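Residues per chain are reported as follows:
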Amino acid sequence: MKRILVTGALGQIGAELVLALRERYEPDAVVASDIRIPTDRDPPGPFEYVDCTELRQVKEVVRKYDVDTIFHLAALLSAVAEGKPRVAWEVNMGGLYKVLEVARESHCAVFHPSSIGAFGPSTPRMSTPQDTIQRPTTMYGVTKVAGELLCDYYYHRFGVDTRGVRYPGLISYVAPPGGGTTDYAVEIFYDAIRNQRYTCFLKSDTCLDMMYMPDAIKAAIDLMEADPSRLEHRNAFNVAAANFTPDALAKEIQKHIPDFQMEYDVDPVRQDIADSWPDSIDDSAARSEWDWAPSYDLESMTRDMLENLAKKLKKEKRL
Ligand code: NAD
Ligand code: SER
């Protein structure tokens, strides 16, 4: 990776991935792009407006910066996609197709994240295997399965170096989540610090895999740097770190904020989405093919998240 383009770079993952890539490689070699315009709060560095559904815009930025690797993050997340299925198809599939076409022409490698949303109710729920039934019932899931297949197709048919992971719900304090079913696991920290209470939109016993952002960033970079001769799966690897319910997360937060109270007001749309996803996934293929190993569990993630988010909110209050 010498010249890198990140699409959807102002989102929850991009906000931290761009920083990590700039630290690891030449800062100027990492171009952030989005359809939103950066604010003073976003890190300085090369930025271009790129709508991933516009082939010309993707092509121009890749040529301008002589890009050899694209981290394609632009997408609509599960809850937003369920509200706007047509737009979700256009952005998630149309955008990926344009990025893959440019990658084919310009010989770029592509990282494209899939999700636990690529599974559905007929998938084995516990320890979901790497290779299994994928019949999702959401538009988000449909685009994720189709995206995995399209990336595999570009690898086998055209030799494009496509790689991806199936992320679980991601927890972070730098940028807010973009409208997913797992957003409760981020919102809870903001409300715990600000108000010592949170109203959760998922049922208390909804078990899902989750991951702290530093592990998600490590997964993306490690996979793109992995020895290709070891990769049997490519698109996309199950990756897991922590596995818990809203009730377990609330109890973990109470260890640090004893007055914290959790209430429930279940959103049927997001509950249905969560109920269609696995309780836990098996990430042994990632562990054996590119040595994936997360660093954070529920306890260490909660501690770090509360500490860093409290600092951030205090700083923002002072500004
Ligand atoms: P996000 O919603 O926070 O950010 C997406 C970014 O894409 C936004 O900044 C948005 O402005 C931008 N965008 C939207 N339409 C665009 C377009 N047409 N062209 C260019 N940019 C556009 O999403 P995220 O959480 O950073 O997720 C990134 C990727 O990771 C997505 O593919 C998502 O499905 C996947 N993923 C995320 C999670 C998670 O929990 N965050 C979990 C699994 C998979
Ligand atoms: N966190 C994501 C979502 O809920 C999972 O892909 O949409």
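You'll find the structure just up there.
The sections below set out a description of the structure shown in this document. On a predicted model such as this, the values are computed, not experimentally measured, just so you know.

### Overview of the sheet that holds strand β9 (residues 169-171)
Then comes step 1: Across the sheet, which stays open at both edges, the three strands sit in the order β9-β11-β13 with mixed pairing between neighbours. Bordering the open sheet on either side are β9 and β13 (242-244), each of which pairs with just one other strand. Each strand of the sheet is rotated relative to its neighbour by a mean of 40 degrees, with strand direction disregarded.
Then comes step 2: In this structure, β9 lies alongside strand β11 (residues 208-212), joined through three bridges in parallel fashion.

### Overview of the side chain of R22
Then comes step 1: With respect to the secondary-structure elements, R22 resides in helix α1 (residues 14-24).
Then comes step 2: Residues in contact with R22, not counting those within four places in the same chain, are P27, V30, V31, A32, P43, P44, G45 and P46.

### Let's talk about the site of ligand 2
Then comes step 1: Ligand 2 sits among L77, S78, S115, Y140, G169, G180, T181, T182 and W277.
Then comes step 2: Taking S78, its side chain carries an N or O atom lying 2.6 Å from an oxygen atom of ligand 2.
Then comes step 3: Contacts to ligand 2 include T181, whose backbone N or O atom sits 2.6 Å from an oxygen atom.
Then comes step 4: Summarising the interface, the protein chains cover 94% of the accessible area of ligand 2, which totals 240 Å² for the free molecule.
Then comes step 5: Taken together, the residues that form the shell around ligand 2 break down as three nonpolar, six polar and no charged.

Definitions and limits used
Residues numbered from 1 in each chain as written. Chains lettered and ligands numbered in written order. Predicted model: local features only at pLDDT ≥ 70, side-chain atom pairs only at ≥ 80, totals over all residues. Heavy atoms only, no water. Pairing = 2+ DSSP bridges. Helix = DSSP H or I, 4+ residues; strand = E, 2+ residues; numbered from the N terminus. Axes fitted to C-alpha atoms, helices over the stretch in contact; angles between N-to-C directions. Contact = heavy atoms within 4.5 Å. Near = heavy atom within 4 Å. Polar contact = N/O pair within 3.5 Å; in protein donor to acceptor, adjacent residues only side chain to side chain. Areas by Shrake-Rupley, 256 points an atom, 1.4 Å probe, with all protein chains shown as cover. Nonpolar A, V, L, I, M, F, W, Y, C, P; charged D, E, K, R; others polar.

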